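Letter by letter, the chains look like this.
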Amino acid sequence: MRRFPLSTGSDFIFARLHGLISRAAVGERLRHLTSCVTEELFFQALANLGYDFDPKDNFQKQLMLRETRCLEDLMLWSSPAVARYLAVVIRTLNIESLKLLLSYRFQERLDLEPAELLTSLPGQSGYDYKALLEIEGDEQFIEQLPDCQDFPELGKVIARLAEDRDFMTADCAIDSFCFKSEMEQAKKLPLSMRNEAVELLSREIDVSNLSMLLRNVNMYHITPERLQKFWIPGGKFLSLSELNRLAIFENPGLVIEALPSPFAALLKDCREKELYHSEQALWNWLAKRVWQIFMDFSHPALSVVAYPYLLRFENINLGRIYEGIRFALPPNIIQEMMIAQGL
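These numbers were taken from a predicted model, which means no experiment stands behind them. (Residues numbered from 1 in each chain as written. Predicted model: local features only at pLDDT ≥ 70, side-chain atom pairs only at ≥ 80, totals over all residues. Heavy atoms only, no water.)

Focus: the overall build of the protein
Next, step 1: Helix and strand content of the protein: 19 helices and 0 strands.
Next, step 2: Dimensions of the protein, computed from the C-alpha atoms along their principal axes, are close to 70 × 50 × 45 Å.
Next, step 3: Of all intrachain contacts in the protein linking residues separated by at least 6 positions in sequence, the fraction that spans at least 24 positions is 64%.
Next, step 4: Summed over all atoms, the accessible surface of the protein reaches about 17,600 Å², with 51% contributed by carbon and sulfur.
Next, step 5: For the protein, the separation between the mean place of its 37 positive charges and that of its 47 negative charges on side chains is 7 Å. (Helix = DSSP H or I, 4+ residues; strand = E, 2+ residues; numbered from the N terminus. Contact = heavy atoms within 4.5 Å. Areas by Shrake-Rupley, 256 points an atom, 1.4 Å probe, with all protein chains shown as cover. Lys, Arg positive; Asp, Glu negative; His and termini not counted. Charge placed at Lys NZ, Arg CZ, Asp CG, Glu CD.)

Dropping the structure here:
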């Protein structure tokens, strides 16, 4: 029988990704997982759903590795331009390993060994954690970091961190580099998905900036002048000048009342609630738009830019369930922590 090459066009990828999501931890499957009351039952339920996790290994690290592998698979099916965009998404995902490495380097050591938490970039050997942490000079440490090749500005951020130990400023600067890099690649995507990819990134930047604003007014109480260093440019609904205007308010309720559309209505019922309710509403707002794009059967190419978000939300939910079980939270409380659970 004659064999034909497998097409990996948008229709094929659309069907493939929808097949993956149909088996993902969403809807009733997610609700079932939140009802598990022990770690043993949780991992058994995951295995029954087809997930391959080792209960003896660090679960959060396994989630990150799973996310990376899924995105690598998507790269294999995609065009060169889409593959380059996904490569940047993967690199951003793995930048969390760099942040952990910097924590080990410049502040008190965490309880776990670096190798238990930190993941390697795809196709690379990863960090030589032991050698990097044993380097005495900060300049040599920076020179040996492979990340500085991708982000030339990173060296200055780490050098400043070595002096002031201001991890919040360093984290925000690193996040800004990542968003900038993703946005640059999103704008090079095919027209069939470019606008939506830029839109989702812009919405994600809004969520990041607004979360920082609300955390500041609730917990940090950083001066408006210093807070300006933490904003990430490129939001869809919140410009930098708008964020600076909102930063002068000292009451969470007043901040929410002063928010522009669509956030004022979105967070209206969160004014008297704890901070996590606002952040949950923001993530669900982003997730709702992601699902709309993913389910657009008239434009199958859009599934490619929506899928990385759905994959991330799934992993966040799984991580939250695991931590909720570890801390013996009731299932109904864990259920409230789920992102876009009803979609």
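There's more to say after this.
Here we look at the packing of aromatic side chains
Next, step 1: For the structure shown, the criterion picks out 17 aromatic pairs.
Next, step 2: Relative to F59, the ring of F43 lies with its centre 5.5 Å away and its plane at 90°, an arrangement referred to as edge-to-face. Placement of the pair is F43 in helix α3 (residues 39–48) and F59 in helix α4 (residues 59–77), with a sequence separation of 16 residues. Here the two residues F43 and F59 agree in accessibility, since each one is buried.
Next, step 3: Taking the centre distance of 6.2 Å and the plane angle of 85° together, the rings of W291 and F294 count as edge-to-face. (Phe/Tyr/Trp six-rings, centres within 6.5 Å; stacked < 30°, edge-to-face > 60°. Buried < 20%, exposed > 50% of the residue type's maximum accessible area, 1.4 Å probe, protein only.)

Comments concerning the layout of surface pockets
Next, step 1: Its boundaries defined by the atoms lining it, the largest pocket holds a volume of some 1,800 Å³.
Next, step 2: Taken together, 50 residues make up the lining of the largest pocket; nearest its centre are E96, K99, W283, R312 and I316.
Next, step 3: Taken as a whole, the second largest pocket holds about 470 Å³ of empty space.
Next, step 4: Among the secondary structure elements, those contributing two or more residues to the lining of the second largest pocket are α1 (10–22), α4 and α18 (303–326).
Next, step 5: When residues in the lining of the second largest pocket are grouped by element, the largest group, 7 residues, is from α4.
Next, step 6: In terms of residue class, the lining of the second largest pocket is made up of 11 nonpolar, 2 polar and 7 charged. (1 Å grid on protein atoms, 1.4 Å probe; cavity = no way out; pocket = protein on both sides within 12 Å on 5 of 7 lines; lining within 4 Å. Points joined across faces, edges and corners; volume = space filled by probe spheres on them. Nonpolar A, V, L, I, M, F, W, Y, C, P; charged D, E, K, R; others polar.)

A short note on helix α2 (residues 27–34)
Next, step 1: Here α2 has its buried residues at G27, L30, L33 and T34. Buried residues of α2, viewed axially, fall in a sector of 120°; they line one side.
Next, step 2: Residues of α2 that are buried in the fold lie against α3, α18 and α19 (331–336). (Arc of directions from axis to C-beta.)

Describing the packing of α2 against α18
Next, step 1: It is at 10 Å that the axes of α2 and α18 come closest, and there the two elements cross at 20°. In terms of orientation, α2 lies roughly parallel with respect to α18. Note on packing geometry: the crossing formed by α2 with α18 is right-handed. Of the residues in α18, those in contact with L30, L33 and T34 of α2 are N317, L318 and I321.
Next, step 2: A breakdown of the residues in the contact of α2 with α18 according to their chemical character gives 4 nonpolar, 2 polar and no charged. (Axes fitted to C-alpha atoms, helices over the stretch in contact; angles between N-to-C directions. Parallel < 35°, antiparallel > 145°, perpendicular 65-115°, else oblique. Left-handed = near helix turned anticlockwise from the far one by under 90°.)

A closer look at the confidence of the model for the protein
Next, step 1: For the protein, mean pLDDT is 90; residues scoring 70 or higher make up 91% of the total.
Next, step 2: Ignoring residues within four places in sequence, the model shows residues 1–7, a span with pLDDT below 50, making 2 contacts including any to other chains. (pLDDT = per-residue confidence, 0-100.)

Concerning empty space enclosed by the protein
One way to see where empty space is left: roll a probe the size of a water molecule over the atoms.
Next, step 1: Overall, the coordinates contain 3 cavities of 30 Å³ or more when judged by the stated rule.
Next, step 2: Approximately 100 Å³ is the volume found for the largest cavity.
Next, step 3: V26, W291, F313, N317 and I339 are, among the 13 residues lining the largest cavity, the residues nearest its centre.
Next, step 4: Mapped by element, the contributors of at least two residues to the lining of the largest cavity are α2 and α18.
Next, step 5: Ranked by the residues each element gives to the lining of the largest cavity, the list is headed by α18, at 4 residues.
Next, step 6: Here the lining of the largest cavity is composed, by residue class, of 9 nonpolar, 3 polar and 1 charged.

Digging into the side chain of K99
Next, step 1: Within the secondary structure layout, K99 lies in helix α5 (residues 80–106).
Next, step 2: For K99, a relative accessible area of 12% corresponds to the buried category.
Next, step 3: Residues in contact with K99, not counting those within four places in the same chain, are D171, I174 and D175.

Some points on the pattern of salt bridges
Next, step 1: In total, this model carries 13 salt bridges according to the counting rule given.
Next, step 2: Note that R31 is salt-bridged to E28, the shortest N-O span being 3.4 Å. With R31 and E28 both in helix α2 and 3 residues apart, this pair spans about one turn of that helix.
Next, step 3: Here R226 and D166 are joined by a salt bridge, their closest N and O atoms 2.6 Å apart. (Salt bridge = Lys/Arg side-chain N within 4 Å of Asp/Glu carboxyl O.)

Thoughts on unusual backbone geometry
Next, step 1: Omega for the peptide link from S261 to P262 comes to 5°, which places this bond in the cis form.
Next, step 2: Here P262 lies in the loop between α15 (252–258) and α16 (263–266).
Next, step 3: In this structure, A328 takes a positive phi of about 60° despite not being glycine.
Next, step 4: Tracing the chain through its elements places A328 in the loop between α18 and α19.
Next, step 5: The exposure class assigned to A328 is exposed, which follows from its relative accessible area of 66%.

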